[in-house]
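An overview of the molecular structure
Now for the letters of each chain:
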Amino acid sequence: LAPNFGAKMAETEVKQSNAENTAYDRNDLPELLPIYYKRLFPYGPYYKWLSYGGVEKSYFHNREFSFTLKDDIYIRYQSFADQSEMEKEIQRVMPYKIDIGAVFSHKPKDHKTVKPGAFQALEKELVFDIDMTDYDDVRNCCSGADICEKCWPLMVIAIKIVDRALRDDFGFAHRLWVYSGRRGVHCWVCDEGTRKLSQTARTAIAEYLSVVKGGESQTKKVTIREPMHPALKAGFEIMSRHVKHYLFEQQDILGTEERLKKVLQLFPDQGLREILQEDAEKGGDSGDIWKRWLTTVEKEKGRDNMKKYPYPLHEVVFQYCYPRLDVNVSKGVNHLLKSPFCVHPKTGRVCVPIDVEDVDNFDPFAVPTISTLCKEIDEYQEQPGKENETQPGTKRKVQDYQKTSLRKSVEVFNRFVKGLAVMWRGKMIENSDQRGDF
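Read on for an overview of the structure. This is a predicted model, so every value here is computed, not measured. (Residues numbered from 1 in each chain as written. Predicted model: local features only at pLDDT ≥ 70, side-chain atom pairs only at ≥ 80, totals over all residues. Heavy atoms only, no water.)

A look at helix H5 (residues 153-169)
- With 17 residues, H5 ought to run about 24 Å at 1.5 Å a step, and its terminal C-alpha atoms sit 23 Å apart, in line with that.
- Burial analysis of H5 places 14 of its 17 residues in the buried class, which makes it a mostly covered element.
- Just downstream of H5, glycine 171 is the residue with a positive phi angle, here 75°. (Helix = DSSP H or I, 4+ residues; strand = E, 2+ residues; numbered from the N terminus. Expected span 1.5 Å × (residues − 1). Buried < 20%, exposed > 50% of the residue type's maximum accessible area, 1.4 Å probe, protein only.)

Laid out in structure tokens, this is it:
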């Protein structure tokens, strides 16, 4: 057994995301960023997104950006008149990180000239930040900034559950999911009405999506009452599809005495806990024990304490799998969040959009690093006849991002921006009608 176990451990270590990726050296950033920002950053669709089609002329002017430069120099209240000015400034300062903030009452770069109290954050996308470190108490494979293929399904589950709720329960149509470049995901909800939400409304939505509650000192973090809310039922249905593979095979949550003890602590009813302990001692893997538990819980439904906690096994699944949001990121209109398409300086990976329809196949370890992308451009250029190649069926030159593994990510982003265009075209027609521009 020992040699095989060692081989499995080695395989896991190879797939694990460490602070430094083997193909990427952080010291190369000063040389790589100029190439990336000059040739690969998708300024066109990025500007279309954040200006929302220019329906409101001051919308982009009044948007705050912040830059983190080399040696962690942080600059807030950056703003730009148009795409050209933004491009020139990004290429001049070469930020290691870009954050996007609110749309203010005045241009953020002029905030010091505005009377105190007059400079106000007016609008911003509703954003969500889900970070793998918040699941450390239920991960058996990694902790801290590390992720691997055994715990990444937590992010897949989180995207599916939160996206369903935003779409079906709130009716939000324009949702952009983005990989954070290291250990988590972000969501930008961009509907017009959503951008105008108050802090109270944002907090209410984030709380609606928060089920796992309590700090490190609290063992049991989920309690589900009767009747179960429809949103929780929908979430459980999504998690159920991942239970066998994720909870029982990848995390093996009942596979050792220590792990079993940890799960048993989530059952407040001592009588039930003792029966489930006996079930577990009959042997088998995590899946076998869980099947026996399902039968036992069904039999024990009539117990008085079971009426107080009618969903004991559901609560285990929720505690181990349900999305864990950073509510503070969502509730503040003035909270900045890392921009799509910036490069994570520790991993070198690009913060790429995620295709929700294909989220099961999203592989964070296949996301290109800035080193890989710059190498791909060079290799493409070296091929005979590629220098002035045009896109099929057009006279337009092949764009640099199309020569690299960033192509699919930009296409996902372009589709999202095209979806937004339907919204802002409708708004422009509405504005035109109100002005009488027939």
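Here the narrative resumes, following the displayed structure.
Concerning the nonpolar core
- Counting residues in each nonpolar core, the largest one holds 124 residues, and the members touching the most others are Tyr36, Tyr46, Trp49, Phe65 and Trp293.
- The greatest single-element share of this core, amounting to 10 residues, is contributed by H5.
- Other than its neighbours up to four places away in sequence, phenylalanine 65 contacts Tyr46, Leu50, Phe60, Ile75, Arg76, Tyr77, Gln78, Phe80, Met86, Ile98, Asp99 and Ile100.
- Counting residues in hydrophobic clusters, the runner-up holds five residues, among them Ala102, Phe104, Val114 and Phe119. (Core = buried A, V, L, I, M, F, W, Y, C linked by side-chain atoms within 4.5 Å. Contact = heavy atoms within 4.5 Å.)

Some points on the environment of valine 297
- Within the fold, valine 297 resides in helix H11 (residues 286-299).
- Linking valine 297 and isoleucine 157, residues 140 residues apart in sequence, is a C-alpha distance of 25 Å.
- In this structure valine 297 touches Leu272, Met306, Pro312 and Leu313, once residues within four positions along its chain are discounted.

A few points about the packing of helix H3 (residues 43-51) against helix H4 (residues 83-93)
- At a minimum axis distance of 10 Å, the contact between H3 and H4 shows a crossing angle of 120°. One way to sum up the angle between H3 and H4 is to call them oblique. Like other packed secondary-structure pairs, H3 and H4 cross with a definite hand, here right-handed. Along the contact surface, H3 presents Tyr43, Gly44, Tyr46 and Tyr47, while H4 presents Gln83, Met86, Glu87, Ile90 and Gln91.
- Its residues assigned to classes, the contact of H3 with H4 shows five nonpolar, three polar and one charged. (Axes fitted to C-alpha atoms, helices over the stretch in contact; angles between N-to-C directions. Parallel < 35°, antiparallel > 145°, perpendicular 65-115°, else oblique. Left-handed = near helix turned anticlockwise from the far one by under 90°. Nonpolar A, V, L, I, M, F, W, Y, C, P; charged D, E, K, R; others polar.)

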